[in-house]
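Residues per chain are reported as follows:
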Amino acid sequence: MASRALKYYYDLLSQPSRALYILLEQSKIPYERCPVALRKLENRTTEFKETINRFGKVPCIVHGDFKLAENVAILRYLSRECPDLPDFWYPRENLARARVDEYLEWQHTTIRAQCAQYFLYVWMTPLLGMELDPAKVERLRKNMADGLDLFQRVWLEGGKKAFLAGERLSYADVLAACEIEQPKCAGYDPREGRPQLAAWMERVRQGTNPYYDEAHKILYKFTPKEIATPTVK
């Protein structure tokens with residue numbers, strides 16, 4: 001890694017951007033911070049698409065002449081490129097890695113989609129000067145709530161498991177927690193009525209602090225005080 005500068009393009013309002021930020025910071029992987037303001041559509045410019053990421057999204061990296069998008073692909077690339085990456089992030093042992101991969105492949109159309117869809121509609125629609133459709137809000141909320149209940153029941157085994165892939169924190173936990181934090185911005189507390197999920201989120205936070213709080217500092221500023229993490233200043 002040292003022979004080529006790693007550039008990380010991100011926006012901390014993006015859930016997967018936060019997850020990779022936490023990994024890079026906690027693992028002490030040398031990299032250059034390249035923030036991209038999604039709200040200003042900096043990711044949609046012709047220059048960005050032609051020189052950084054042809055898909056016009058974050059997170060993404062540029063490593064020497066190599067460009068890569070998608071946070072899970074970046075995780076796997078870093079695990080191969082960085083021999084000093086702590087093993088717990090993405091275990092080298094086959095069965096342990098398979099458990100992490102199982103969650104990473106599952107989450108795209110479930111927790112990620114459900115939390116993001118609720119957040120984008122409930123939080124963004126009023127900002128665009130449009131009225132919310134109460135029926136749609138309720139439909140998205142129920143879909144997300146059902147997904148969170150399933151997450152607690154299946155992935156945490158009702159509190160029997162400390163982390164998603166076993167007894168050790170992994171990238172699966174950080175990515176999941178960053179996704180589940182997002183609906184707080186729209187006034188929905190995913191921890192309410194889910195004590196096992198709440199305890200797991202706190203374990204993830206404590207296991208990655210101070211970088212977890214640092215990554216979520218901007219998000220918490222937009223979150224109602226009664227459900228924001230109170231220790232973040």
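The written sequence of each chain sets the order in which its residues are numbered from 1. This being a predicted model, a pLDDT of at least 70 is required before a residue's local features are given, and a value of 80 or more before pairs of side-chain atoms are given or counted; all residues contribute to the totals for chains, interfaces and linings. Water and hydrogen atoms play no part in the side-chain values, which are based on all heavy atoms of the structure.

Take the UniProt feature "domain: GST N-terminal" (unreviewed entry) in the protein chain next. Mapped onto this numbering, the UniProt entry annotates "domain: GST N-terminal" (unreviewed entry) at residues 4-86. Secondary structure elements follow DSSP: runs of H or I of four or more residues count as helices, runs of E of two or more count as strands, with numbering from the N terminus. Summarising residues 4-86: 36% helix, 20% strand, and an end-to-end C-alpha distance of 20 Å. UniProt positions are given in the numbering used here, feature names are shortened, and annotations may be inferred rather than shown by experiment.

One can find Asn53 in the loop between helix 2 (46-51) and strand 3 (60-63). Taking relative accessible area as the criterion, Asn53 reaches 4% and is therefore assigned buried. C-alpha of Asn53 to C-alpha of Ala69: the two residues are 16 residues apart in sequence and 6.6 Å apart in space. For this analysis, a polar contact is any N or O atom pair within 3.5 Å, provided that within protein one partner can donate a hydrogen and the other can accept it, and provided that sequence-adjacent residues contribute only side-chain to side-chain pairs. For Asn53, the side chain forms a polar contact with the main-chain oxygen of Lys57, separated by 2.8 Å. We call a residue buried when its accessible area falls under 20% of the maximum for its residue type, exposed when it is over 50%, and partly exposed in between, using a 1.4 Å probe and counting protein chains only.

Relative to the helices and strands, Gln107 is located in the loop between helix 4 (94-106) and helix 5 (111-127). Note on contacts: a residue pair qualifies if any of its non-hydrogen atoms lie within 4.5 Å across the two residues. Excluding residues that lie within four positions of it along the chain, Gln107 makes contacts with Arg112, Ala113, Leu175 and Glu179.

Here the focus is the packing of helix 1 (residues 15-27) against helix 3 (residues 71-81). All axes are obtained by fitting lines to C-alpha atoms, using only the stretch in contact for helices, and the reported angles, taken between N-to-C directions, cover 0 to 180 degrees. Contact pair helix 1 / helix 3: the axes reach a minimum separation of 10 Å and the direction vectors enclose 15 degrees. It follows from the interaxial angle that helix 1 and helix 3 lie roughly parallel. The handedness of the crossing between helix 1 and helix 3 is right-handed. Along its contact with helix 1, which presents Pro16, Leu20, Leu23 and Leu24, the element helix 3 presents Asn71, Ile74, Leu75 and Leu78. Ten residue types, Ala, Val, Leu, Ile, Met, Phe, Trp, Tyr, Cys and Pro, are classed as nonpolar, four, Asp, Glu, Lys and Arg, as charged, and the remainder, Gly among them, as polar. By residue class, the composition of the contact of helix 1 with helix 3 is 7 nonpolar, 1 polar and no charged. For classification purposes, an angle smaller than 35 degrees is called roughly parallel, one larger than 145 roughly antiparallel, one from 65 to 115 roughly perpendicular, and anything else oblique. If you view the pair so one helix is near and one far, a crossing is left-handed when the near helix is turned anticlockwise from the far one by less than a right angle, and right-handed when it is turned clockwise.

Take the pattern of salt bridges next. Whenever a carboxyl oxygen of Asp or Glu lies within 4 Å of a side-chain nitrogen of Lys or Arg, that contact is scored as a salt bridge. Within the structure shown, the criterion is met by 15 salt bridges. With a closest N to O distance of 3.8 Å, Arg33 and Glu214 form a salt bridge. Of this pair, Arg33 sits in strand 2 (residues 32-35) while Glu214 sits in helix 9 (residues 211-221), and the two are 181 residues apart along the sequence. On the basis of relative accessibility, which here comes to 35%, the residue Glu214 falls in the partly exposed class. Residue Asp149 is joined to Arg194 by a salt bridge in which the shortest nitrogen-to-oxygen separation is 2.8 Å. Within this pair, whereas Asp149 is found in helix 6 (residues 134-155), its partner Arg194 is found in the loop between helix 7 (171-181) and helix 8 (195-208), the two being separated by 45 residues in sequence. A relative accessible area of 33% places Asp149 in the partly exposed class. Taken together, the shared-partner salt bridges connect Glu25, Arg33 and Glu214 into one network.

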